[in-house]
Amino acid sequence: MSQHTIAGTVLTMPVRVRTATQHTAMFAVDADAAQRMIDYSGLQVYRPVPGRAIVTLILTHFIDCDLGAYHEYSTVVSVNAPGGKNSPKSLQQTFVHHMFVDQTFTLEAGRKIWGFPKILADYNIREGKRFSFDASVDGQLVIGMEFAPGVKLPAAAAKPQQLSSYSYLDGVRRENRFEMLPTGMRVRPGGARVWLGDHPIAKELAALGLPKRALVSNSSENVDMTFGDGVEV
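The following refers to the structure shown. Computed from a predicted structure; not experimentally measured.

### Details of the overall build of the chain
Logical step 1: Broken down by element type, the chain carries three helices and 16 strands.
Logical step 2: In terms of overall size, the chain behaves like a compact globule, its C-alpha atoms giving a radius of gyration of 17 Å where 233 residues would be expected to give roughly 17 Å.
Logical step 3: The principal-axis extent of the C-alpha atoms belonging to the chain is close to 45 × 40 × 40 Å.
Logical step 4: Looking at the chain residue by residue over its 233 residues, the buried ones come to 50%.
Logical step 5: Taking contacts inside the chain between residues at least 6 apart in sequence as the whole, the part at least 24 apart equals 66%.
Logical step 6: Only carbon and sulfur atoms are counted for the fraction: they give 52% of the accessible area of the chain, which is about 10800 Å².
Logical step 7: Between the averaged position of the 24 positive side-chain charges in the chain and that of its 22 negative side-chain charges there is a distance of 8 Å.

Spelled out as structure tokens, the structure:
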């Protein structure tokens, strides 16, 4: 088992997330705009139909995790494997373009171990019948989202998933494989409202055509995850 020393603490792989809540919204966006956004990665966006790509916005609250407790927002784009064909399998493969966290330990670990483009952000979280949040970087609003409650899925729908997320940092591309088991899932068509601020990152999201109606949104009462080492690809 490999080990990494982060801020004086030794992490033994794999890293485990035991308790976390998650809200996600999936959008169909202009494929050429999404490709321009991630061209630096050398990856190709997955195009489920000509001219469209899939971008998913994710807010995760890590509660009991080897990296500590923190909030994390991510912008991920469904991509084909390096050199691979355009295939529905690509829905299980994403490239992480944005990742904001509110704690320094997970920031250092994410950048060092997996090459995730983590930066520090501030969050305003609002719990209630409708969950919502604002994420700001350097004092400027980047994005806010509000989620309407969905229909609860039966417990039998909770199945382990094996996924890949790609990252690109400091000239190195990595594939990060992880296992995820979401439980207490709620799903609905649409169901997510997005608003953008004036930060340069918000302008990147606007170039995709956001804000717009989500294809589908979902939430999970708990997400159990296991992350191994990132592998250069």
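### Digging into helix H1 (residues 31-38)
Logical step 1: For H1, the tally of buried residues reaches six of eight residues, placing the bulk of the element in the interior.
Logical step 2: Between the side-chain oxygen at the start of H1 and the backbone nitrogen of Asp32 there is a gap of 3.2 Å, and the oxygen is on Asp30.

### Concerning the layout of surface pockets
Logical step 1: Taken as a whole, the largest pocket spans an internal volume of roughly 940 Å³.
Logical step 2: Lining of the largest pocket is provided by 39 residues; of these, Gln22, Thr24, Ile58, Leu163 and Met180 occupy positions nearest its centre.
Logical step 3: Only strand S3 (15-30), strand S4 (52-65), strand S5 (70-78), strand S6 (93-101), strand S12 (161-169), strand S13 (172-189) and strand S15 (216-227) provide two or more residues apiece to the lining of the largest pocket.

### Observations concerning the sheet that holds strand S8 (residues 122-126)
Logical step 1: A sheet is described by the order of its strands in space; here four strands give the open sequence S8-S9-S10-S14, paired in antiparallel fashion. Two strands lie at the open edges of the sheet, namely S8 and strand S14 (192-196), each paired on one side alone. Neighbour-to-neighbour, the strand axes of the sheet open up by a mean angle of 10°, direction not taken into account.

### Focus on the pairing of strand S1 (residues 3-6)
Logical step 1: Of the two faces of S1, the one lined by His4 and Ile6 is fully buried and the one lined by Gln3 and Thr5 carries no buried residue.
Logical step 2: In terms of strand pairing, S1 meets strand S2 (residues 9-12) through four bridges, oriented antiparallel. Bridging from a neighbouring strand, His4 pairs with Leu11 of S2.

### Some details on unusual backbone geometry
Logical step 1: Here the residue pair Met13 and Pro14 is connected by a cis peptide bond, since its omega of 0° sits within 30 degrees of zero.
Logical step 2: With respect to the helices and strands, Pro14 occurs in the loop between S2 and S3.
Logical step 3: Here the amide bond leading from Leu210 into Pro211 is cis, since omega sits at 0°, within 30 degrees of zero.
Logical step 4: Mapped onto the elements, Pro211 comes out in the loop between helix H3 (200-206) and S15.
Logical step 5: Positive phi values are uncommon outside glycine, yet Ala7 reaches one of about 50°.
Logical step 6: Along the chain, Ala7 turns up in the loop between S1 and S2.
Logical step 7: For Ala7, a relative accessible area of 56% gives the class exposed.
Logical step 8: With a phi close to 55°, Asp138 is a non-glycine residue in the positive phi region.

Conventions adopted
- Position numbers for residues start from 1 in each chain and track the written sequence from start to end.
- Side-chain atom pairs in this predicted model are given and counted only at pLDDT of 80 or more, local residue features only at pLDDT of at least 70, and totals for whole chains, interfaces and linings cover all residues.
- Excluded from the side-chain calculations are hydrogens and water; all other atoms, namely the structure's heavy atoms, are used.
- A run of H or I in DSSP counts as a helix once it spans at least four residues, and a run of E counts as a strand once it spans at least two, with each numbered from the N terminus.
- For a compact globule the rule gives 2.2 Å times the number of residues to the power 0.38, and the radius of gyration it is set against comes from C-alpha atoms.
- Buried, partly exposed and exposed residues are distinguished by accessible area as a fraction of the type maximum, computed with a 1.4 Å probe on protein chains only: under 20%, between the cut-offs, and over 50%, respectively.
- What makes two residues a contact is simply this: any of their non-hydrogen atoms within 4.5 Å.
- In short, Shrake-Rupley with a 1.4 Å probe defines the accessible areas, and a residue's cover is counted only from the protein chains shown.
- When charges are counted, neither His nor the chain ends are considered; positive counts come from Lys and Arg and negative counts from Asp and Glu.
- Where a charge sits is defined by one atom per residue type, namely NZ (Lys), CZ (Arg), CG (Asp) or CD (Glu).
- Here a polar contact means two N or O atoms within 3.5 Å. Within protein one must be a hydrogen donor candidate and the other an acceptor candidate, and residues neighboring in sequence count only if both atoms are side-chain atoms.
- Of the grid points, spaced at 1 Å and generated over the protein atoms alone, those admitting a 1.4 Å probe that cannot get out make up cavities, while open sets with protein on both sides within 12 Å along at least five of seven lines make up pockets; any residue with an atom within 4 Å of a point is treated as lining.
- Grid points are joined across faces, edges and corners, and a volume is the space filled by probe spheres set on the points.
- When DSSP finds at least two bridges between two strands, those strands are taken to pair.
- Note on geometry: axes are lines fitted to C-alpha atoms, helical ones only across the stretch in contact, with angles between N-to-C directions running from 0 to 180 degrees.

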